[in-house]
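# Observations on the three-dimensional arrangement
Here's the letter readout for the chains.
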Amino acid sequence: MEIITTVAAMRGWTRAARAAGKRVGLVPTMGALHRGHLCLIERARAECDVVVVSIYVNSLQFGPHEDYRAYPRDRERDEELLRAARADVLFAPADEEIHRPGHRTRVEVEQMQDVLCGRSRPGHFRGVTTVVLKLLAIVNPDLSFFGEKDGQQLRILRRMALDLHLEARIISCPTVREKDGLALSSRNAYLGTDERRAAPVLYRALCSAAAAFRAGDSDAGHLVAVARGVIAAEPLARLDYVEAVDGETLEPLTVARAGTLIAAAAWFGRARLIDNIELRIGP
Ligand code: AMP
């Protein structure tokens, strides 16, 4: 695996790979890799000839009182995992590479960035879109891979790619979970023993709403109430939101249908965890 830290070297690498007729895949991450990330890499390996994984803890997407400093970083372990996963390149740029001196440009996907997690994390998605666009511009992949776990992020990035006529296709991969349903996340490392035991309630709540939908309830307000009820029964969970929104535009809706997204966020101690489920008609 090659480790590349500069924009110039990364561009040169992709140019050579493309000239050799290779399809380039990019998996953007913030490191502290887990099986969720590895699943994206596996999918990228299946669909591309060469795979670039970026590790960049993007300060722009953290609020002033959020966990940028505390965010888990373990470069040695990440490199080991990436080698085992047969990534071709680790792109690990420093801040000065990503943001040129005097940089002024920000990318915003209006409205979609202000709902759901955007309400309690103002500026978060602007930070995400700005940096993902930069990574796409630097790496210039054919395909880029993102997890359904970050459901709002995925929809926003798809909209950005469409609106800005980006060549790179956005591919999504299903959420990887622990046996008890908890979605894998780098932030699960913040959970104490009791909080870890409580955390699967988030997914259980979403599954209860999905079950009510499958049983014939299409009132979005009811479905949200079902999920809220499940979370309210867990004293260690502090709910941020549960909402039912359009699975493409993230607009609120009153009637749920197949493809509707039910998204939730809750605090367990100092860990703010998110999860979501897309409603389906079948099992
Ligand atoms: P992060 O390092 O948390 O910024 O995540 C990097 C990528 O991995 C994003 O596209 C996430 O959606 C994806 N990801 C994170 N956790 C999971 C998971 N449990 N299952 C699938 N993808 C995930």
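Residues numbered from 1 in each chain as written. Predicted model: local features only at pLDDT ≥ 70, side-chain atom pairs only at ≥ 80, totals over all residues. Heavy atoms only, no water.

### With respect to the packing of helix α6 (residues 124–139) against helix α7 (residues 151–163)
A packed helix pair is summarised by two numbers, namely the angle formed by the two axes and the spacing between the axes. For the record, the criterion: With axes taken as lines fitted to C-alpha atoms, and helix axes fitted only over the stretch in contact, angles between N-to-C directions fall between 0 and 180 degrees. To qualify as a helix, a DSSP run of H or I must reach at least 4 residues; to qualify as a strand, a run of E must reach at least 2; elements of each kind are numbered from the N terminus. Geometric relationships in this document are graded by angle, where less than 35 degrees denotes roughly parallel, more than 145 denotes roughly antiparallel, 65 to 115 denotes roughly perpendicular, and other angles denote oblique. Definitions for this section: a left-handed crossing has its near helix turned counterclockwise from the far helix by less than a right angle. A right-handed crossing has that turn clockwise. Two residues qualify as a contact provided that any one of their heavy atoms is within 4.5 Å of a heavy atom in the partner residue. Think of it as three bins: nonpolar holds Ala, Val, Leu, Ile, Met, Phe, Trp, Tyr, Cys and Pro, charged holds Asp, Glu, Lys and Arg, and polar takes everything else, Gly as well.
The N-to-C vectors of α6 and α7 enclose an angle of 55°; their axes lie 11 Å apart at closest approach. Relative to α7, the element α6 is oriented oblique. Between α6 and α7 lies a crossing whose hand is right-handed. Residue-level contacts link F125, V128, T129, V132, L133 and L136 of α6 to Q152, Q153, I156, L157 and M160 of α7. Of the residues belonging to the contact of α6 with α7, the class tally is eight nonpolar, three polar and no charged.

### Topic: α7
Let me state the cut-off plainly: Multiplying one less than the number of residues by 1.5 Å gives the expected span of a helix. A simple rule labels every residue: compare its accessible area, found with a 1.4 Å probe on the protein chains alone, to the largest value its type can have, and call it buried under 20%, exposed over 50%, or partly exposed in between.
Relative to the 18 Å expected for 13 residues at 1.5 Å per residue, α7 spans 18 Å between its end C-alpha atoms, a close match to the ideal helical length. Among the residues making up α7, those that are buried are G151, Q152, Q153, L154, R155, I156, L157, M160 and A161. Positive phi appears at H165, one or two residues downstream of α7, with a value of about 55°.

### Some details on the pattern of salt bridges
Cut-off, in case you're wondering: Any Lys or Arg side-chain nitrogen found within 4 Å of a carboxyl oxygen on Asp or Glu counts as a salt bridge.
The full count for this structure, using the stated rule, is 17 salt bridges. Of the charged contacts, one joins E79 and R75 as a salt bridge, the two residues approaching to 2.9 Å between their closest N and O atoms. Of this pair, E79 and R75 both sit in helix α3 (residues 75–84), four residues apart, roughly one helical turn. With a relative accessible area of 38%, R75 lands in the partly exposed category. R126 is paired through a salt bridge with E108; the nearest N and O atoms lie 3.4 Å apart. Separated by 18 residues along the polypeptide, R126 in helix α6 and E108 in the loop between α4 (95–98) and α5 (117–120) bring together distant segments of the chain. The exposure class assigned to R126 is partly exposed, which follows from its relative accessible area of 34%. Looking at E108, the relative accessible area reads 43%, which means it is partly exposed. Each of R75, E79 and R83 takes part in one network of salt bridges that share partners.

### Concerning the pairing of strand β5 (residues 143–147)
Here is the rule: For two strands to be treated as a pair, DSSP must find at least two bridges joining them.
In terms of residue burial, β5 counts as a mostly covered element, since five of its five residues are buried. The two faces of β5 match: L143, F145 and G147 on one face and S144 and F146 on the other face are all buried. Two elements, β5 and strand β6 (residues 169–173), share five bridges in a ladder whose sense is parallel. Its bridge partner being in β6, F146 is matched across the sheet by S172.

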